[in-house]
Amino acid sequence: MKSRDLSAILKQSFGFDSFRTLQKEIMEDSLAGRDVFALLPTGGGKSLCYQLPALVRTGLTLVVSPLISLMKDQVDAMDAAGVPATFLNSSLDIEECRRRFDKLEKGEYRLLYIAPERLMLSGFLNKLRHLGVGLVAVDEAHCISEWGHDFRPEYRHLATLRELLPEVPILALTATATGRVREDIIRQLRLKDPAVYIASFNRPNLMYRVLQKNKAYAQVLEYLKDHSSQCGIIYCQSRKTAETVSKKLNEDGIRSCPYHAGLGASERTRNQDLFLRDEVRVVCATVAFGMGIHKPNVRFVIHYDLPKNIEGYYQETGRAGRDGLPAECVLLFGAGDTVKYSIFIEQKSDPREQELAREQLRQIVHYAENSTCRRVILLEYFGEKFDAKECGACDNCLSPREKFDGTLAAQKFLSCVFRIQEKSGFSVGLNHVVEVLTAHATEKIKRWHHEELSTYGIGKEYGRPAWLEIGRELVRLGLLTQKAQKFSVLELTAEGRRVLVQRVPVSLTEPLVPVTRPSFVSRSWQAKSRPGEISCDETLFERLRQLRKRLADERNVPAYIVFSDVSLRQMARDRPKDKRAFRNISGVGEKKLENLGDIFISEIAEYCGTH
Ligand code: ADP
Ligand code: MG
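Parameters and conventions
Residues numbered from 1 in each chain as written. Chains lettered and ligands numbered in written order. Predicted model: local features only at pLDDT ≥ 70, side-chain atom pairs only at ≥ 80, totals over all residues. Heavy atoms only, no water. Disulfide = S-S within 2.5 Å. Buried < 20%, exposed > 50% of the residue type's maximum accessible area, 1.4 Å probe, protein only. 1 Å grid on protein atoms, 1.4 Å probe; cavity = no way out; pocket = protein on both sides within 12 Å on 5 of 7 lines; lining within 4 Å. Points joined across faces, edges and corners; volume = space filled by probe spheres on them. Helix = DSSP H or I, 4+ residues; strand = E, 2+ residues; numbered from the N terminus. Domains from an automatic or database assignment. Contact = heavy atoms within 4.5 Å. Buried area = accessible area lost by both parts, 1.4 Å probe. Salt bridge = Lys/Arg side-chain N within 4 Å of Asp/Glu carboxyl O. Polar contact = N/O pair within 3.5 Å; in protein donor to acceptor, adjacent residues only side chain to side chain. Nonpolar A, V, L, I, M, F, W, Y, C, P; charged D, E, K, R; others polar. Near = heavy atom within 4 Å. Areas by Shrake-Rupley, 256 points an atom, 1.4 Å probe, with all protein chains shown as cover. Pairing = 2+ DSSP bridges. Axes fitted to C-alpha atoms, helices over the stretch in contact; angles between N-to-C directions. Expected span 1.5 Å × (residues − 1). Arc of directions from axis to C-beta.

For the rest of this paragraph, the subject is the state of the cysteines. The full count for this structure, using the stated rule, is zero disulfides. Unpaired in this structure, cysteine 231 has its nearest cysteine sulfur neighbour in cysteine 257, at a distance of 12 Å. Just so you know, cysteine 257 is unpaired, no disulfide at all, and the nearest cysteine sulfur is the one on cysteine 284, 7.9 Å from it. Residue classification places cysteine 257 among the buried positions, given a relative accessible area of 5%.

See the structure below:
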């Protein structure tokens, strides 16, 4: 298959002008009959890697997906693009299954979506051999690995596909895979000498921000009022918080619903559907709200509480901005959350688990408090080196935090660590040092007579949270070490001693946004154009959105299946007058041009007539 031909189909059927990173390479290798392993970030366009080739290869493309709720939407999207596709899962009755099977046998579909449990029914495996399968695409392939966090036992059975269809190439796709999971996927699926494609984890259109958590609900409410036409997710640590925040938002006139594992299956599906269909603007969710979110226009993800680790944070924020338009990821960071987690961790019984949790907490706190580029830290976690100059979309790059002369504070802190060690002959943890500095009278302070230290109470100019932050920054600066063992004790490094003895000046970062008004709006950020941004006539965009919603409801599909926000913004920017111009809009393929062209063109014309 020549790449020119793939490009032609890309526009004709899907309406896109160019491939995203690695899409073409993945398609070409897969079409050439090779096994392929592809790791692209969320929103990287993995589905297209099997959907488009399905139109040109001989034989049926079998897509294994764990998410029954998504299959219908995917098939509806294929239908809207004019690609014959269907799905089989437990939501269909026997009659309907049989009907679809007949059509499959006649070769009337290019794509078949299927849940792994259905695939394994013995009758089905036998029939499969006669369907002329040309490719097996395994979406969310990390579900096969016990090392990953979405392990699905049913996925294990996929290994038998290789025996059953030895000649058929496999395409494994995922957005989550550490080295170990990656190898596991390749082994479990028995991929033969696969072509391995791994894209950068960077999501240029996402803006990362951390705010000092202070009256979290009020902060969120203000954000939602500032972003009144957008939808997004608020991740909460507990089911109870998710419920409460959602309820309060509804009372404050913002339509929202909760999502967590405590809700029944039907209620979860219903709430997810409300969000997908833009009936509610906000979902207040726990981490249970995950893989199933394919809504491309999630414009913000707010973390109401501290996430457990960087990996989780990356995945959860990754659900924003799948469509490539700018989106925001806001973390509300409060010292209280850190304390709560630490207590929770100390209650764990397995010491190995405990140590892992401590390290993960340390990393996410490091992310939150650091004054360098957020992307550098996030991507470093995935082993990627990122140049902060390329960022331009995180709070630390756009408005660097102020530094202050922290020499005195550092002197006090370091000498306190030194005096404690000198007096007691052992080292203590961060909390204890801060309690000595701020003259607390804890049981340990009394037991160890630390109130007799010359450094006791010399730090009253700052509160406890500020000292905790200063202490952690001194660790980052290499003046102290913090051993990740139980109670993670602080010790002076050689450099720390030098700074202490020679009174070397130390520059420290101002604490996170000293919040008086919990404002999210920053003018300097709004002025700049953002990666992925499409400026357009917002009033017209709003009108087209309403038209889209009406059409989507008539067809009983989510709005994005009619057109993406990218398509609508381009329409509101270019104002196509006729079909020829309309064809140039991203997302407009032949079928949509025919079915939807006239109605959108006339809506635009009507608007232009009055404006
Ligand atoms: P993933 O599964 O990797 O998270 P999806 O397959 O859901 O990503 O695609 C995310 C979005 O990107 C979808 O809305 C899809 O239509 C769009 N998309 C995919 N490929 C392209 C492309 N080449 N050009 C424009 N949009 C694309
Ligand atoms: Mg996907």
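Here we take up empty space enclosed by the protein. Evaluation of the coordinates by the stated rule reveals three cavities of 30 Å³ or more. As a volume, the largest cavity reaches approximately 70 Å³. In terms of lining, the largest cavity is formed by Tyr50, Ser65, Leu67, Leu70, Met71, Gln74, Tyr113, Asp139, Glu140 and His294. If one sorts the elements of the lining of the largest cavity by residue count, helix α4 (residues 68-80) sits on top with three residues.

Moving on: the domain arrangement of the protein. Taken domain by domain, the protein comprises domain 1 (3-198), domain 2 (206-398), domain 3 (403-509) and domain 4 (538-610). A separation of 32 Å is found between the C-alpha centroids of domain 2 and domain 3. Counting residues at the interface gives 12 residues for domain 2 and nine residues for domain 3. Between domain 2 and domain 3 the total buried area reaches about 970 Å² when both faces are included, carbon and sulfur atoms providing 47% of it. Looking at the side of domain 2 facing domain 3, the largest losses of area belong to Arg358, Glu369 and Ser371, adding up to 45% of the total buried there. Summed over the shared surface of domain 2 and domain 3, the number is two salt bridges. The partner of arginine 472 in a salt bridge is glutamate 369, with the nearest N and O atoms 2.7 Å apart. Joining domain 2 to domain 3, the criterion identifies two residue pairs in polar contact (both at pLDDT 80 or more). Put simply, the parts of the chain that give the side of domain 2 that touches domain 3 at least two residues each are α14 (335-346) and α15 (351-369). Sort the elements by how many residues they give to the side of domain 2 that touches domain 3 and α15 lands first, with seven residues. For the side of domain 2 that touches domain 3, the per-class residue count stands at two nonpolar, five polar and five charged.

Moving on, we come to the site of ligand 1. As a matter of local geometry, ligand 1 sits amid 14 residues, with Ser18, Gly43, Lys46, Ser47 and Arg322 nearest to it. Separating a nitrogen atom of ligand 1 from a backbone N or O atom of serine 18 is a distance of 2.8 Å. In the environment of ligand 1, an oxygen atom lies 2.6 Å from a nitrogen or oxygen atom belonging to the backbone of glycine 43. Summarising the interface, the protein chains cover 82% of the accessible area of ligand 1, which totals 570 Å² for the free molecule. Looking at side-chain class alone, the shell around ligand 1 contains four nonpolar, seven polar and three charged residues.

Strand order in the open sheet formed by six strands is β8-β13-β12-β9-β11-β10, and the pairing between neighbours is parallel. Either end of the sheet is taken by a strand with one partner, and the two such strands are β8 (206-212) and β10 (256-259). Between one strand axis and the next, the sheet turns through 20° on average, direction left out of account. One ladder, built from five bridges, connects strand β9 (residues 231-235) with strand β12 (residues 298-303); its direction is parallel. Within the sheet, the bridge partner assigned to isoleucine 233 lies in β12 and is valine 301. Lying over the sheet, helix α11 (residues 239-251) contacts β9, β10 and β11 (282-285), oriented at roughly 170° with respect to β10.

For the rest of this paragraph, the subject is the pairing of strand β2 (residues 60-64). Summarising burial for β2: five of the five residues are buried, a large majority. Residues Leu60, Leu62 and Val64 line one face of β2 and the alternating positions Thr61 and Val63 line the opposite face, and both faces are buried. Relative to strand β4 (residues 111-114), β2 is paired through four bridges, and the arrangement is parallel. The partner of valine 63 across the bridge, within β4, is tyrosine 113.

Let us look at α11. Its 13 residues give α11 an end-to-end C-alpha distance of 19 Å, which sits within 8% of 18 Å, the value for a rise of 1.5 Å per residue. Turning to α11, its buried residues are Ala242, Val245, Ser246 and Leu249. The buried side chains of α11 occupy one side of the element, clustering within an arc of 100° when seen end-on. Exposed positions of α11 whose direction lies more than 90 degrees from the buried face are Lys240, Lys247 and Glu251. Where α11 is buried, its residues touch α10 (216-226), β9, β10 and β11. Directly beyond the C-terminal end of α11, a positive phi value near 85° is found at glycine 253.

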